[in-house]
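One letter stands for each residue in the lines below.
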Amino acid sequence: QTGMFTFDPGFMSTASCSSSITYIDGDKGELLYRGYPIEQLAVKCDFLEVCHLIMKGDLPDEKEKADFDHLVTHHTMVNEQLQTFLKGFRRDAHPMAVLTGLVGALSAFYHDSLDITKKEHRDISSIRLIAKMPTLIAMAYKYSVGQPFIYPQNNLSYTANFLRMMFGNPCEEYVVNEVVERALDRIFILHAEHEQNASTSTVRLCGSSGTNPFAAIAAGVACLWGPAHGGANEAALQMLEELLAQGGVDKLPEFVAKVKDKSSGVKLMGFGHRVYKNYDPRAKLMQETCREVLEALGLQDDPLFKLAMALEKVALEDEYFVSRKLYPNVDFYSGIVQRAIGIPTSLFTAIFALARTVGWVAQWNEMISDPDYKIGRPRQLYTGETARDVADLNAR
Ligand code: SDX
């Protein structure tokens, strides 16, 4: 027992920890946040209610919701100096490169929330991270398109605030499209938390050294960027767009054959999962959200969505994928929804990071609040040289 990971000698590669936040049954395709099925949370709650649930262990009542919304809303502004820091980046820098830098830089501003031994510091830094992530991402986007930063507005919902900071401008009033707001809020809920995925494990391992929460979450942002993890939504949409450009449904047999030929190195992005060996429940909800949004926006004939559905059908009937239990994961449809509501492709993974911040901070708090936690120190199976003597240089 190393305090964070428990190694079963028989399974050296299986590192695990105990947690009361999320339950996943990979074989059944079940996902529960604090005991509530994701299917119910996605349609009955808004994102901040789910944040309250994941952080505090239960859904808020009306007063608790009002208090929590007020607390988060009143921490959405960021120190003005961060604009100067941001302007040091190239305008065409990938938003995840910028976000990794900005989140880490929060450590340099919020000195009254760095001491992890103090509960009040842990609480306020958690709220600050959830509250400021939308502002930072919107700033990175505005900087990349050469538009002025839009400050948060406290009379808007969390998600409407983000949309206005992203797509509003000082010249005219921004009107929030409720279909877009609801769809984005659901995307946040579906990405909020997912047990010990790579980026959450990164946050736990980084945080276990006692570093400050902003540094630990910045490590999670960096890990999520990878195409095998949060970067898959961007990669999945690019895969579908290339397929469409090459001929769409007619090209599917050739594309699937290439995926099945491992030497091609081509992966079916948005498919497969380390844990789900059944349909990722989030993918089903994402597909439904996609259909609803496209219909509401008059885009029901969107060729990319039709191609994605056709590709899913082909894969789910193909022995190669069925035998390997490869099903769509959360990333397969999320790019199509985000594209339909106007989110630039380069920001898809940043949106994932925005949503997953609550999962990261909740898991970090759960670990740090355990008086018996120790620094994570995974061991290895040594496969190198046996001990040997150093020969003199002229004798080597
Ligand atoms: C996320 O962990 C989480 O919870 C992550 C996440 C979260 O919410 O935090 O759910 C978010 O990261 C979802 C995953 C997003 N990534 C992708 O969509 C990228 C494409 N998927 C693959 O890279 C892959 O499926 C992984 C990385 C997700 C899982 O890889 P594994 O562990 O190799 O999958 P596996 O053991 O189930 O693979 C079984 C077989 C292998 O072939 P064989 O050696 O048996 O012949 O299926 C193959 C794999 O090579 N395979 C794929 C494939 N995924 C697995 N072949 C083609 N396309 C794929 N997508």
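If you're wondering where the values come from, they're calculated on a predicted model, not measured in any experiment.

Structural notes on the pattern of salt bridges
Taken as a whole and assessed by the stated rule, the structure comprises 18 salt bridges. Across the pair Glu292 and Arg186 runs a salt bridge whose closest N-O atoms are separated by 3.5 Å. In this pair, Glu292 sits in helix α13 (residues 281-296) while Arg186 sits in helix α8 (residues 178-191), placing the two residues 106 residues apart along the sequence. Residue classification places Glu292 among the partly exposed residues on the basis of a relative accessible area of 41%. On the basis of relative accessible area, Arg186 is assigned to the buried category, the value being 8%.

Things to note about the confidence of the model for the protein chain
Put simply, the protein chain has an average pLDDT of 93, and 96% of its residues get 70 or more. For the stretch residues 1-14, pLDDT sits under 50, and the model shows 29 contacts to residues farther than four places along the chain or on other chains.

Section: the site of the ligand
Lining the immediate environment of the ligand, one finds 24 residues, of which His194, His273, Arg274, Lys277 and Arg282 sit closest. Measuring from an oxygen atom of the ligand, one finds a backbone N or O atom of Gly270 at 2.9 Å. A distance of 2.8 Å is found between an oxygen atom of the ligand and a side-chain nitrogen or oxygen belonging to Arg356. For the ligand, the protein covers 79% of the area, taking 1000 Å² as the surface of the free molecule. Of the residues contributing to the shell around the ligand, the split by class is 9 nonpolar, 7 polar and 8 charged.

A short note on helix α16 (residues 331-340)
The element α16 is extensively covered by neighbouring structure, given that 9 of its 10 residues are classed as buried. Inspection of α16 places Asp331, Phe332, Tyr333, Ser334, Gly335, Ile336, Val337, Gln338 and Ala340 among the buried residues, and these make up the whole buried set. Looking at the buried residues of α16, the elements they touch are α8, α11 (232-245), α13, α14 (303-316) and α17 (348-368). One or two residues past the end of α16 sits Gly342, with phi positive at roughly 90 degrees.

Calculation notes
- Residues numbered from 1 in each chain as written.
- Predicted model: local features only at pLDDT ≥ 70, side-chain atom pairs only at ≥ 80, totals over all residues.
- Heavy atoms only, no water.
- Salt bridge = Lys/Arg side-chain N within 4 Å of Asp/Glu carboxyl O.
- Helix = DSSP H or I, 4+ residues; strand = E, 2+ residues; numbered from the N terminus.
- Buried < 20%, exposed > 50% of the residue type's maximum accessible area, 1.4 Å probe, protein only.
- pLDDT = per-residue confidence, 0-100.
- Contact = heavy atoms within 4.5 Å.
- Near = heavy atom within 4 Å.
- Polar contact = N/O pair within 3.5 Å; in protein donor to acceptor, adjacent residues only side chain to side chain.
- Areas by Shrake-Rupley, 256 points an atom, 1.4 Å probe, with all protein chains shown as cover.
- Nonpolar A, V, L, I, M, F, W, Y, C, P; charged D, E, K, R; others polar.

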